[in-house]
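Architecture at a glance
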Amino acid sequence: MCGIVGYVGSQDAIDVVIEGLRRLEYRGYDSAGVAIVDPAGGMRTERRAGALSNLDKQLAEGSRIAGNVGIGHTRWATHGAPTDRNAHPHVDCSGAVAVVHNGIIENFAALRERLESAGHEFASDTDTEVVAHLLEVEIGSTDTDLAAAMRAVCSQLVGAFTLVAVHRDRPGVVVAARRSSPLVVGVGDGEMFLASDVAAFIAHTREAVALGQDQVVEIRSDGYTVTDLQGGTTDGQPFHVDWNLAAAEKGGHDFFMQKEIEEQPTAVADTLRGHLVDGRIVLDETRLAEQDLREIDKVFVVACGTAFHSGLIAKYAIEHWTRVPVEVEIASEFRYRDPVLDRDTLVVAVSQSGETADTLEAVRHAREQRARVLSICNTNGAQIPRESDAVLYTRSGPEVAVASTKCFLTQVTAGYLLGLALAQVQGKKYEDEVAADFAALEAMPRLIAQTLSTMDPVRALARELAGSETILFLGRHVGYPVALEGALKLKELSYMHAEGFPAGELKHGPIALIDDGMPVVVVVPDPGARGVLHDKVLSNLAEVRARGARTIVIATAGDERVRRLADHLIEVPSTPTLYAPLVTTVPLQVFAAAVADARGYDVDKPRNLAKSVTVE
Ligand code: AGP
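Calculation rules
- Residues numbered from 1 in each chain as written.
- Predicted model: local features only at pLDDT ≥ 70, side-chain atom pairs only at ≥ 80, totals over all residues.
- Heavy atoms only, no water.
- Helix = DSSP H or I, 4+ residues; strand = E, 2+ residues; numbered from the N terminus.
- Rg over C-alpha atoms; globule rule 2.2 N^0.38 Å.
- Buried < 20%, exposed > 50% of the residue type's maximum accessible area, 1.4 Å probe, protein only.
- Contact = heavy atoms within 4.5 Å.
- Areas by Shrake-Rupley, 256 points an atom, 1.4 Å probe, with all protein chains shown as cover.
- Lys, Arg positive; Asp, Glu negative; His and termini not counted.
- Charge placed at Lys NZ, Arg CZ, Asp CG, Glu CD.
- Pairing = 2+ DSSP bridges.
- Axes fitted to C-alpha atoms, helices over the stretch in contact; angles between N-to-C directions.
- Salt bridge = Lys/Arg side-chain N within 4 Å of Asp/Glu carboxyl O.
- Polar contact = N/O pair within 3.5 Å; in protein donor to acceptor, adjacent residues only side chain to side chain.
- Phe/Tyr/Trp six-rings, centres within 6.5 Å; stacked < 30°, edge-to-face > 60°.
- Parallel < 35°, antiparallel > 145°, perpendicular 65-115°, else oblique.
- Left-handed = near helix turned anticlockwise from the far one by under 90°.
- Nonpolar A, V, L, I, M, F, W, Y, C, P; charged D, E, K, R; others polar.
- 1 Å grid on protein atoms, 1.4 Å probe; cavity = no way out; pocket = protein on both sides within 12 Å on 5 of 7 lines; lining within 4 Å.
- Points joined across faces, edges and corners; volume = space filled by probe spheres on them.
- Near = heavy atom within 4 Å.

From N to C terminus, the protein chain includes 21 helices and 28 strands. Its C-alpha atoms give the protein chain a radius of gyration of 25 Å, within 12% of the compact-globule value 25 Å for 616 residues. With the principal axes as the frame, the protein chain shows a C-alpha extent of 80 × 55 × 45 Å. Each of the 616 residues in the protein chain was classed as buried or not, and the buried ones make up 61%. Counted over contacts in the protein chain with a minimum sequence separation of 6, partners at least 24 positions apart contribute 71%. Surface exposure of the protein chain reaches about 22400 Å², of which carbon and sulfur atoms provide 48%. Looking at charge distribution, the protein chain has the averaged site of its 59 positive side-chain charges lying 4 Å from that of its 85 negative ones.

Taken in spatial order, the eight strands make up an open sheet running E3-E2-E4-E1-E10-E9-E11-E15, and their pairing is antiparallel. Two strands lie at the open edges of the sheet, namely strand E3 (43-49) and strand E15 (237-240), each paired on one side alone. Ignoring strand direction, the axes of neighbouring strands in this sheet form an average angle of 15°. Bridging between strand E2 (residues 31-37) and E3 involves seven bridges; their strand directions are antiparallel. The residue bridging Ser31 from the neighbouring strand is Ala49, located in E3. Running over the sheet, helix H1 (residues 13-23) touches strand E1 (3-8), E2, strand E4 (69-75) and strand E10 (192-195) and is turned about 25° from E4.

Overall, the coordinates contain 36 salt bridges when judged by the stated rule. Put simply, Glu263 and Lys406 hold a salt bridge, and the shortest N to O gap is 2.7 Å. Remark: Lys406 occurs in helix H14 (residues 406-425) and Glu263 occurs in the loop between helix H7 (256-262) and helix H8 (264-272); sequence separation between them is 143 residues. Lys406 shares its class with Glu263; the two are buried. Between Glu290 and Arg294 there is a salt bridge, with its nearest N and O atoms 3.5 Å apart. Residue Glu290 and its partner Arg294 are both found in helix H9 (residues 290-294); the two are separated by four residues, about one turn of the helix. Among the residues examined, Arg294 registers a relative accessible area of 41% and is labelled partly exposed.

Our next topic: the environment of Glu560. Mapped onto the elements, Glu560 comes out in helix H20 (residues 560-563). The spatial distance from the C-alpha of Glu560 to the C-alpha of Pro527 is 9.8 Å, given a sequence separation of 33 residues. For Glu560, the side chain forms a polar contact with the side chain of Arg563, separated by 2.9 Å.

All told, the structure shown has seven aromatic pairs when counted by the stated rule. Here Phe300 and Phe334 contribute two aromatic rings whose centre-to-centre distance is 5.4 Å and whose plane-to-plane angle is 70°, an arrangement assigned as edge-to-face. Residue Phe300 is located in strand E19 (residues 298-303), and its partner Phe334 is located in helix H11 (residues 331-334); the two are separated by 34 residues in the primary sequence. Among the residues examined, Phe300 registers a relative accessible area of 1% and is labelled buried. Accessibility expressed as a relative area gives 0% for Phe334, which makes it buried. Ring centres of Tyr416 and Tyr579 lie 4.8 Å apart, and the angle between their planes is 55°; this geometry places the pair in the tilted category.

Once that is clear, we can look at the sheet that holds strand E26 (residues 519-523). Here we have five strands laid out as an open sheet, ordered E25-E24-E26-E27-E28, and parallel in their pairing. Here the strands that pair on one side only, and so sit at the sheet edges, are strand E25 (497-502) and strand E28 (568-572). Adjacent strand axes in the sheet meet at a mean angle of 20°, parallel and antiparallel pairs treated alike. As paired strands, strand E24 (residues 470-475) and E26 are joined by four bridges and run parallel to one another. Opposite Phe473, over in E26, you have Val521 as the bridge partner.

Running from N to C, H8 and H14 cross one another at 30°; their axes reach a closest spacing of 9 Å. As the angle between them shows, H8 and H14 are arranged roughly parallel. Crossing geometry of H8 relative to H14 is assigned as right-handed. Packed against H8, whose contacting residues are Gln264, Ala267, Val268, Thr271 and Leu272, the element H14 presents Lys406, Leu409, Thr410, Thr413 and Leu417 at the interface. Partitioning the contact of H8 with H14 into residue classes produces five nonpolar, four polar and one charged.

This part takes up H1. Along H1, the positions that sit buried rather than exposed are Ala13, Ile14, Val16, Val17, Ile18, Gly20 and Leu21. Buried positions along H1 lie against E1, E2, helix H2 (52-61), E4 and E10.

Here we come to the side chain of Thr74. Positionally, Thr74 belongs in strand E4. Excluding residues within four positions of it along the chain, Thr74 makes contact with Cys2, Gly3, Leu21, Tyr29, Ser31 and Ala32.

As enumerated under the stated definition, the model contains four cavities of 30 Å³ or more in all. Within this model, the largest cavity holds a volume of roughly 160 Å³. Surrounding the largest cavity, 21 residues form its lining, Val524, Pro525, Asp526, Thr577 and Ala580 being those nearest its centre. Every element with two or more residues in the lining of the largest cavity is listed here: helix H18 (479-494) and helix H21 (581-598). With three residues, the single largest contributor to the lining of the largest cavity is H21. Partitioned by chemical class, the residues of the lining of the largest cavity number 12 nonpolar, seven polar and two charged. In this structure, the second largest cavity encloses a volume near 50 Å³. Of all the elements, H7 adds the most residues to the lining of the second largest cavity, at three residues.

Glancing now at the packing of H1 against H2. Packing of H1 against H2 leaves a shortest axis separation of 11 Å and a crossing angle of 165°. Considered as vectors, H1 and H2 are oriented roughly antiparallel to each other. The two elements H1 and H2 meet at a crossing, and its hand is left-handed. Taken together, the residues of H2 that come into contact with H1 (itself represented by Ile14, Ile18, Leu21 and Arg22) are Leu52, Leu55, Asp56 and Leu59. Across the contact of H1 with H2, the residue classes tally to six nonpolar, no polar and two charged.

Around the ligand, the surrounding shell holds 14 residues, and the nearest of these are Ser351, Gln352, Ser353, Thr356 and Glu492. Within the contact set of the ligand, an oxygen atom lies 2.5 Å away from a side-chain nitrogen or oxygen of Thr356. Contacts to the ligand include Val402, whose backbone N or O atom sits 2.8 Å from a nitrogen atom. Against a free-state accessible area of 410 Å², the protein chains account for coverage of 91% of the ligand. Counting only elements with at least two residues in the shell around the ligand, the list comes to helix H10 (305-322) and H18. With three residues, H10 is the largest single contributor of residues to the shell around the ligand. Of the residues contributing to the shell around the ligand, the split by class is four nonpolar, eight polar and two charged.

Structure below.
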């Protein structure tokens, strides 16, 4: 997610804006920029790829920027690589309007086409730039004020956005709008602030105003005005910020991992946004023709750790929908096993960072063998997507905690998108079937949020079990990769031994491990899942319980048959069978973080681990 700052007041705007962007650096970004309105007329816009220090250097080279009105931005690239030309702010043809943006404008391509045919010239590859030109059109025609122009523009946009704009001929004013993307107003004494989160301005004021959906706000040094898109005056929700800066960066949570777990509904919704266009599933970037995808007769998914677990889930979906065989391989094993690859093989590389050495080398091996490569990645411009033939970007925003949570759910989501795209292009699914499956996916963020709202008993159980020596995790079908992921989370955060198994494997060895009182987590499928699955897992659950296990059961709410076998029952909403991991994983993430916290460990930075493993 990008960082956004706006300011109007008596201080030098450049100082307040740069300091605010620095407070938002923790969010992660790949470029930064500012636009400051000069009281003597005109506007100065500076922007640079890379760290804020690059922008600082550029600002230091020029004359000091005067002015008490300004905006700033740190960008986490979605549309368009992280380069100077794609850095925000973006301006219109005349350079009179500057705008910064967080979010995704789904209909930007059609808007850009319309604007270009009307003679507008674009200078970037971003979706954001269309807003600058649309504001130019709205202001130009009737010399409309900036807030009215913003309202008119927002009515034309589809997607999620926080927009903040200034105009060189409208000094003393910053205008912003939000839809499904964060924006707060900071209310100072003779000065006003705008930001993506309060960390940017709590050094100046702790009085804030949260804005609602489709609201436009104009800030001036003496106050602010909130309107709806029809221009009617309305109110934001004032609140007092009592967090310290460290807590503000974590959104009030104790650690980034919890903040990122809570961000999962938005991350999944953002990853889905814009991928169903005129009834067709579209990828983010592709040099593959539809015919290339039609010829795919084998899929390999290569990844490491949590990303590997997302690939195991993708296997179930892709094979069920397309009948194309899928192998899922640990990236560090892939090229050494001399896999059988050819032009009709699609190698799918899943990587949050896009820089994992094992996965990158697997991609290079696949390309040497002439296979097609598609990457699922969270980092625009990273090495793995750059070396791929096609890309599906997860849109989690930066993931600060080493233990991957929101990126796992969005990797799983991207795996479903890929399965639907392949099924559609290979004629295995009709348009209406794809639309139904996509609509069911779009309902998942709400079910994830519903699951998140019932996690207090999970944290209490974690504190109770924090002293355990080992915990086993069992699951079948898509519940098996979830069991593996739950075990990995617990291992990497609490340093406790944990192991995930296919529930059906119990009798082939692991059941010998069951000791009296041993905690065993069992992921039980929805009773409506593929008939026998539910019964089979219940019998596995009975087997471990009969041998003294303390059973922690993740099951669909209302599944009464499981209740008598569960020492601790964690209920999740009912979902389509294949989509269950998007809710059943959540309690295991929360559990692992709470065990580590109870043990007094650094939840965000577990020992011996790095966020991106760039060595083999
Ligand atoms: C997950 O919690 C771990 N941090 C780790 O397994 C991670 O998923 C793995 O290293 C792959 O990283 P990548 O997605 O950046 O390639």
